[in-house]
2 protein chains.
Amino acid sequence: MSAEEAAAQQQQQQVGGDPAPAPESQQLQQQQDPPTYRCLVLTGHGGYDKVKLQVKKGLPALAKGDVLVRVKACGLNFADLMARQGLYDRLPPPPVTPGMECSGVLEALGEGVQERRVGDKVLVLHRCGLWQELVAVPANHTFLMPEGMSFEEAAAIPVNYISAYMMLFDFGNLRPHQSVLVHMAAGGVGIAAAQLCKTVEDVTVFGTASASKHEVISQGGVTHAIDYRSRDYVEEVRKLSPKGVDIVLDPLGGSDTQKAFNLLKPMGRVITYGAANLLTGPKKNLLAMAKMWYNQFSISALSLMQSTKGVCGFHLGYLDVESELVSSAMSKLLELYGQGKIEPRVDSTYHFEQVGDAMRRMQERRNIGKVILLPEPKKEEEHVSNSHLHIPRTST
Amino acid sequence: MSAEEAAAQQQQQQVGGDPAPAPESQQLQQQQDPPTYRCLVLTGHGGYDKVKLQVKKGLPALAKGDVLVRVKACGLNFADLMARQGLYDRLPPPPVTPGMECSGVLEALGEGVQERRVGDKVLVLHRCGLWQELVAVPANHTFLMPEGMSFEEAAAIPVNYISAYMMLFDFGNLRPHQSVLVHMAAGGVGIAAAQLCKTVEDVTVFGTASASKHEVISQGGVTHAIDYRSRDYVEEVRKLSPKGVDIVLDPLGGSDTQKAFNLLKPMGRVITYGAANLLTGPKKNLLAMAKMWYNQFSISALSLMQSTKGVCGFHLGYLDVESELVSSAMSKLLELYGQGKIEPRVDSTYHFEQVGDAMRRMQERRNIGKVILLPEPKKEEEHVSNSHLHIPRTST
């Protein structure tokens with residue numbers, strides 16, 4: 001993807017973080033000029049201003065097996081925040097378009113694509129480059145959206161739900177009557193994990209989140225909400241479950257991974273999938289990195305045996321999207337969606353030109369559920385009234 | 001158990017490794033004197049001669065909830081070899097009776113035991129102390145033997161099959177079309193693991209064993225037998241499965257755990273459950289220990305995440321026998337036995353007075369399947385002709 005990106009860069013017309021042109025002038029431009037499409041580009045590592053809205057000319061090139069997707073909504077992930085700070089090694093170096101998930105409508109099919117039709121609504125999971133109005137991706141990185149699913153919901157599914165699913169049911173092997181500790185339970189993966197835990201009989205979910213989010217996460221499947229800001233979550237879990245828990249989903253890293261390991265029952269396992277403790281502010285924090293490194297969890301085979309526990313690392317970015325594991329997880333998830341058993345929770349939507357605000361919301365942990373980016377330009381009246389800046393569905 | 005042991009020790013009458021008295025004189029003794037029972041005692045750490053046959057007077061004390069078992073057959077495990085050398089921390093210090101599994105018949109019930117009857121045939125799993133003619137154990141450490149199961153088969157089940165079951169299906173979460181590398185595939189756990197893999201559709205089993213054992217393990221469920229003595233098993237696995245395997249069962253430890261980890265596919269996991277590499281001969285080998293320590297596998301949370309793999313440690317000795325996980329594994333196993341899907345393979349049987357020979361057989365990796373110890377005295381004619389020293393069912 002980075003070679004294509006580089007080629008496309010040469011045609012780019014940068015518009016910075018400014019609001020897009022008014023709809024009238026844009027329509028006029030589309031009729032007269034070669035096609036263009038809006039995209040977000042990470043121009044260097046640093047703060048929120050490093051992600052810029054740009055307009056590319058032409059169309060993304062369709063390789064054999066690719067489909068062209070008109071993107072309607074994109075997901076924002078913690079990995080994108082890490083990538084902006086230069087802390088995520090799965091994104092090619094800047095300038096590069098981030099974005100691992102989106103939803104949209106197929107506009108064209110590359111050679112050899114049999115199982116898709118123009119007009120199909122799809123969810124897309126791809127290593128990067130999806131924060132664009134138009135993207136070319138391999139057809140087998142797309143999944144058909146079920147009836148009744150909105151584009152915003154669709155963009156909220158791939159990364160969070162596949163991660164939660166694979167961690168809980170593949171590595172975790174979650175079974176009836178077990179217990180799970182979910183950190184950042186109001187985040188995208190956290191919300192997904194609690195919903196998925198509810199699909200298994202009598203699973204107890206401990207969820208950490210700030211107190212203002214407890215009502216929402218409790219409705220979403222968390223059995224015991226713990227305010228990690230005012231309480232020691234380890235003590236709280238031990239009070240309710242002296243023997244510990246069967247599974248910990250650990251997006252924090254550092255010393256919290258050790259705490260997670262200690263909280264496990266025999267045969268329990270911690271699944272570590274992030275380093276959110278690194279993200280203390282908008283820019284790379286060297287002290288946090290040093291602390292993280294110093295507290296990095298490491299374990300020997302002997303200690304694992306003597307405790308009869310497991311430690312797994314999960315990172316969707318290191319898995320092939322076309323692998324059977326990923327596609328089978330996605331099929332199961334779409335089935336669960338059809339049965340009403342999972343329901344993506346969209347926290348808020350931001351237009352591309354507001355990406356900095358979107359990132360700030362997630363960075364400051366103000367979201368409950370998924371933060372969505374919309375490629376379509378913000379309308380003039382919205383720009384004035386700010387009415388299109390979605391307010392979370394429930395008050396925080 | 002160690003307090004009871006200590007009390008019993010005071011009554012002991014040591015007979016060393018000598019053959020038991022002839023049956024006639026023994027019967028006479030039983031009619032006239034208070035009851036006695038034979039047991040094996042680890043008298044200190046070291047070579048084969050450290051396990052001695054002794055005779056205790058009286059009967060084991062029955063606590064509330066205990067049952068008295070007349071033991072018919074006991075299992076020998078790698079952990080027992082380690083314990084003799086002082087390398088297993090789950091056995092109390094010598095003098096102590098080893099033995100984690102046996103089968104037998106109930107002779108008496110302690111207060112409050114409801115779910116057992118005198119005469120019941122049972123399998124027993126207990127932390128230690130089972131290498132005795134008579135043992136008192138909690139009733140919930142016993143499991144009813146199904147119809148048609150011999151005492152030797154029953155003594156071959158608890159440790160090996162529960163370990164293999166929990167490693168493959170709990171930590172491993174083995175599913176159809178996956179692949180498993182089983183080291184020491186002709187050992188007790190190895191034989192059990194291959195049989196259990198066959199209960200799942202289309203699972204490929206790579207099994208390491210010396211060439212003379214290949215025919216037997218191939219019949220037992222191993223898809224690709226690898227002679228680790230003449231080949232590099234990593235290369236052999238890669239030749240057949242370039243992407244690696246989903247699960248490695250690792251009883252070796254040291255540098256082999258790292259090799260196992262490297263052989264895993266993404267989402268794969270190694271389950272390490274032993275340190276057989278430590279056992280280079282009958283006595284503790286300081287050089288092997290140093291090498292093991294030096295090559296000890298250790299991994300950080302970050303490396304796990306970047307490879308999207310898992311590492312689990314398993315040790316049945318650290319699990320409560322009454323835990324739901326263990327008892328549910330045992331129920332499943334007895335069900336599979338009833339369906340003819342698992343069949344314990346008894347390699348050989350040795351009387352208590354031959355325990356050194358039994359240990360040597362296992363130490364020298366000459367067994368295919370389980371080595372069994374029998375509490376009943378070797379008969380005089382056997383002692384002369386050696387006819388009761390079981391020859392493995394198939395030639396090696």
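Residues numbered from 1 in each chain as written. Chains lettered and ligands numbered in written order. Predicted model: local features only at pLDDT ≥ 70, side-chain atom pairs only at ≥ 80, totals over all residues. Heavy atoms only, no water.

The next subject is the interface of chain B and chain A. At the interface, 37 residues of chain B touch 37 residues of chain A. Carbon and sulfur atoms supply 59% of the area buried between chain B and chain A, which totals about 3100 Å² over both sides. Three residues, Phe-171, Met-267 and Met-305 of chain B, lead the burial of chain B against chain A; their summed loss comes to 20% of the area buried on that side. Along the contact surface separating chain B from chain A lie four salt bridges. The closest approach of N and O atoms between Asp-170 of chain A and Arg-175 of chain B, which form a salt bridge, is 3.0 Å. Linking chain B with chain A are 20 residue pairs in polar contact (both at pLDDT 80 or more), by the criterion used here. Secondary-structure elements contributing two or more residues to the side of chain B that touches chain A are helix H5 (158–171), strand E13 (264–272), strand E14 (298–300), helix H11 (301–307) and strand E15 (310–313) of chain B. Residues of the side of chain B that touches chain A, tallied by class, amount to 19 nonpolar, 13 polar and five charged. Sheet topology note: the strand E15 (residues 310–313) of chain A/E15 of chain B ladder contains three bridges and is antiparallel. Counterpart to Cys-312 of chain A in the pairing with E15 of chain B is Gly-310 of chain B. (Contact = heavy atoms within 4.5 Å. Buried area = accessible area lost by both parts, 1.4 Å probe. Salt bridge = Lys/Arg side-chain N within 4 Å of Asp/Glu carboxyl O. Polar contact = N/O pair within 3.5 Å; in protein donor to acceptor, adjacent residues only side chain to side chain. Helix = DSSP H or I, 4+ residues; strand = E, 2+ residues; numbered from the N terminus. Nonpolar A, V, L, I, M, F, W, Y, C, P; charged D, E, K, R; others polar. Pairing = 2+ DSSP bridges.)

With that settled, consider the side chain of Asp-250 of chain A. Residue and element names in this part refer to chain A. Along the chain, Asp-250 falls in strand E12 (residues 245–250). Buried charged residue Asp-250 carries no salt bridge. Nearest counter-charge: Lys-259, at 10 Å. A distance of 2.8 Å separates a polar atom in the side chain of Asp-250 from a polar atom in the side chain of Thr-272. Contact partners of Asp-250, with chain neighbours within four places excluded, come to His-183, Asp-256, Thr-257, Val-270, Ile-271, Thr-272, Tyr-273 and Gly-274. (Buried < 20%, exposed > 50% of the residue type's maximum accessible area, 1.4 Å probe, protein only. Lys, Arg positive; Asp, Glu negative; His and termini not counted.)

With that settled, consider the layout of surface pockets. In this structure, the second largest pocket spans a volume of roughly 930 Å³. Surrounding the second largest pocket, 48 residues form its lining, Met-82, Tyr-273, Gly-274, Ala-275 and His-315 of chain A being those nearest its centre. Mapped onto the lining of the second largest pocket, the elements with two or more residues apiece are helix H3 (78–84), helix H5 (158–171), helix H6 (188–197), helix H10 (286–294) and strand E17 (370–374) of chain A together with H11 of chain B. Per-element accounting of the lining of the second largest pocket gives the leading share, four residues, to H11 of chain B. (1 Å grid on protein atoms, 1.4 Å probe; cavity = no way out; pocket = protein on both sides within 12 Å on 5 of 7 lines; lining within 4 Å. Points joined across faces, edges and corners; volume = space filled by probe spheres on them.)

Those places that UniProt annotates as "domain: Enoyl reductase (ER)" (unreviewed entry) correspond, in this numbering, to residues 46–373 of chain A. As annotated, residues 46–373 of chain A comprises 30% helix and 25% strand, and the C-alpha atoms at either end are separated by 20 Å. (UniProt positions renumbered as here; feature names shortened; annotations may be inferred.)

Our next topic: empty space enclosed by the protein. Residue and element names in this part refer to chain A. By the definition in use, this model includes six cavities of 30 Å³ or more. Taken as a whole, the largest cavity encloses approximately 140 Å³ of empty space. Lining the largest cavity are 14 residues, and of these Met-184, Ala-186, Gly-187, Lys-213 and Arg-365 sit closest to its centre. In the lining of the largest cavity, the residues fall into seven nonpolar, four polar and three charged.

What follows covers the pattern of salt bridges. Side chains that differ in sign of charge can pair as their charged atoms come close. Scanning the entire structure with this criterion turns up 24 salt bridges over all chains. The shortest N-O distance in the salt bridge between Glu-364 of chain A and Arg-366 of chain A comes to 3.2 Å. Judged by relative accessible area, which is 40%, Glu-364 of chain A ranks as partly exposed. Ionic pairing is found between Glu-107 of chain B and Arg-70 of chain B, a salt bridge with its closest N-O pair at 2.6 Å. One end of the pair, Glu-107 of chain B, is in strand E5 (residues 101–109); the other, Arg-70 of chain B, is in strand E4 (residues 66–75), with 37 residues separating them in the sequence. Note on Glu-107 of chain B: relative accessible area 37%, which makes it partly exposed. Connected through shared salt-bridge partners, Arg-70, Glu-107 and Glu-133 of chain A make up one network.

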